Amino acid sequence: MSRIIAIANQKGGVGKTTTNVNLATCLAQAGKRVLVADMDPQGNTSSGFGIQKSKLTHTIYNLLLGDANIEQVKARTVIDNLYVLPANIHLSGAEIELVNQPRREFLLRSVFSHTRYLYDYIFIDCPPSLNMLTLNALCAADAVLVPIQCEFYAMEGLTQLMYTIDLVQRRLSPRLSIDGAIFTMYDARTNLSAQVVEQVKLHLQANIYTTIIPRNVRLSEAPSHGLPITLYDPNSKGAEAYINLAKEMIDRHGGQ
C-alpha cells in the first residue's frame, strides 16, 4: 500500500525541500516508486530536480484548478522511478482562486485518490505557512514528516506545527498522523545542536528518526546544480545521511 507523506514545518529554512528532494531520490534509488508534489509557489523542489520552472506548460496549479490531469503535469526526472508534480510562482494565485471551490481543502486528496496505488511513496513539499496549500497537503497526507533544524528557535516552529496538525486531525482529516521528526543541519562542533536534539526529544510526543542530517557544504551546493546530493556528490556526508534515512524509513514501514 502506498504512503502519502507531507513534509512540513511552519518555520522556514529548516530543510523541508532538501529533505524532500534527497529522501525521495534515495527511496527511488532503493527501488521504490516515488512521486513528489511541489506545493510551494517558490518551486524549489522542482528546481532541485533540475526542472526549468519558467518553461512549464502545466503545473500543480493547473491540477488543483482542474485545468489539467496528472499525466499532463507529471514531469520526469533523471532518477528512475521518480516523478514530480512541479510548481512555479503561478501557484501563489491558488489561494484566491480556490476560495469559492467546494471542498477546497480536499482538492489534492482527490487528485491522489485515483493514482496513489501507482506509487510506494508520495511526498508533498509544503510552504512554510498555514494557508490553503498547506491545508490541502495535510488533508491529502496519511502522515507528516517534520524536519527540525538544530538551532535556537526550533521549538517555536514545532509548537505551531503540532497545533496545526491537531486542528486538522480534529476538523478535517482524522486519519492524519505524525510519521516522525528528522533533525537537520546538525553541527557536531557546537553544544547547541546536541541541546536542541535533547530538548525536542523531551517535548515531542512522536517518533524521532535516529538518522541525523549534518550541516554539509556539498548538500547546500547540490540544488544550484539541479541535482540531488547522491548524484552531485555520492560520497559526501549529506548523501550518506539521506541514504541512511531512506533505509530507516523503509524499515519503519515494514519494508514498503
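Residues numbered from 1 in each chain as written. Predicted model: local features only at pLDDT ≥ 70, side-chain atom pairs only at ≥ 80, totals over all residues. Heavy atoms only, no water.

(A) Just the overall build of the protein, in detail. Across its full length, the protein carries 12 helices and seven strands. The C-alpha radius of gyration computed for the protein amounts to 17 Å, which stays within 12% of the reference 18 Å derived for 256 residues, consistent with globular compactness. Sorting the 256 residues of the protein into buried and exposed places 55% on the buried side. Here the analysis covers contacts within the protein between residues at least 6 apart in sequence; of these, 79% occur between residues at least 24 apart. (Helix = DSSP H or I, 4+ residues; strand = E, 2+ residues; numbered from the N terminus. Rg over C-alpha atoms; globule rule 2.2 N^0.38 Å. Buried < 20%, exposed > 50% of the residue type's maximum accessible area, 1.4 Å probe, protein only. Contact = heavy atoms within 4.5 Å.)

(B) Local environment of the state of the cysteines. A full pass over the atoms with the stated rule returns zero disulfides. Here Cys139 is not disulfide-linked; the sulfur of Cys126 is the nearest cysteine sulfur, at 11 Å. (Disulfide = S-S within 2.5 Å.)

(C) Expanded view of helix H12 (residues 237–252). The terminal C-alpha atoms of H12, which comprises 16 residues, lie 22 Å apart, in line with the 22 Å expected from a rise of 1.5 Å per residue. By the burial criterion, the buried members of H12 are Gly238, Ala239, Ala241, Tyr242, Leu245, Ala246, Glu248, Met249 and Ile250. Just past H12, the residue Gly254 takes up positive phi, approximately 70 degrees. (Expected span 1.5 Å × (residues − 1).)

(D) Up close: the side chain of Asn136. Here Asn136 shows up in helix H7 (residues 132–140). A relative accessible area of 0% means that Asn136 is categorised as buried. Polar side-chain contacts of Asn136 include one of 2.8 Å to the backbone oxygen of Arg104. In this structure, Asn136 is in contact with Met39, Leu64, Arg104, Glu105, Phe106, Leu107 and Leu108, ignoring residues within four places of it in sequence. (Polar contact = N/O pair within 3.5 Å; in protein donor to acceptor, adjacent residues only side chain to side chain.)

(E) Main features of the environment of Met185. For Met185, the location among the structural elements is in the loop between strand E7 (177–184) and helix H9 (191–203). Sequence separation between Met185 and Glu248 is 63 residues, and the spatial gap between their C-alpha atoms is 18 Å.

(F) Geometry of the pattern of salt bridges. Scanning the model with the defined rule gives eight salt bridges in all. Several salt bridges converge on common partners, so that one network encompasses Arg116, Asp142 and Arg175. (Salt bridge = Lys/Arg side-chain N within 4 Å of Asp/Glu carboxyl O.)

(G) Region of interest: helix H1 (residues 16–29). Taking 1.5 Å per residue, 14 residues should reach 20 Å; H1 reaches 20 Å between its end C-alpha atoms and fits that length. Turning to H1, its buried residues are Lys16, Thr19, Asn20, Val21, Asn22, Leu23, Ala24, Thr25, Cys26, Leu27 and Ala28. Trailing H1 by a residue or two, Gly31 shows a phi angle of about 100 degrees, which is positive.

(H) Structural view of unusual backbone geometry. Non-glycine residue Asn81 carries a positive phi angle of around 75 degrees. Its location among the elements puts Asn81 in the loop between strand E3 (75–76) and strand E4 (82–85). For Asn81, a relative accessible area of 35% puts it in the partly exposed group. A positive phi is found at Arg103, a non-glycine position, where the angle reads about 50 degrees.

(I) Region of the structure containing the nonpolar core. In this structure, Ile60, Leu85, Leu91, Leu108, Phe112 and Ile124 are the most contacted members of the largest nonpolar core, which totals 50 residues. By residue number, the principal contributor to this core is H7, which donates seven residues. Sequence-distant contacts of Ile124, defined by excluding residues within four places in its chain, comprise Ile4, Ile5, Ala6, Ile7, Asn20, Ala37, Met39, Leu108, Phe112, Ala137 and Ala140. Listed in part, the 33 residues of the second largest apolar core include Val21, Val34, Tyr242 and Leu245. (Core = buried A, V, L, I, M, F, W, Y, C linked by side-chain atoms within 4.5 Å.)

(J) Just the sheet that holds strand E1 (residues 3–7), in detail. Across the sheet, seven strands lie side by side as E3-E4-E2-E5-E1-E6-E7; this open sheet has mixed pairing. Two strands in the sheet have a free side with no partner beyond their single neighbour: E3 and E7. Strand direction decides the pairing type here: E3 and E4, joined by two bridges, are antiparallel. Bridging from a neighbouring strand, Arg76 pairs with Tyr83 of E4. This element, H1, spans E1, strand E2 (34–38), E4, strand E5 (121–125), strand E6 (143–149) and E7 of the sheet and lies at about 165 degrees to E5. The strands touched by H7 within the sheet are E1, E5 and E6, with E1 carrying the most contacts at an inclination of about 150 degrees. (Pairing = 2+ DSSP bridges. Axes fitted to C-alpha atoms, helices over the stretch in contact; angles between N-to-C directions.)

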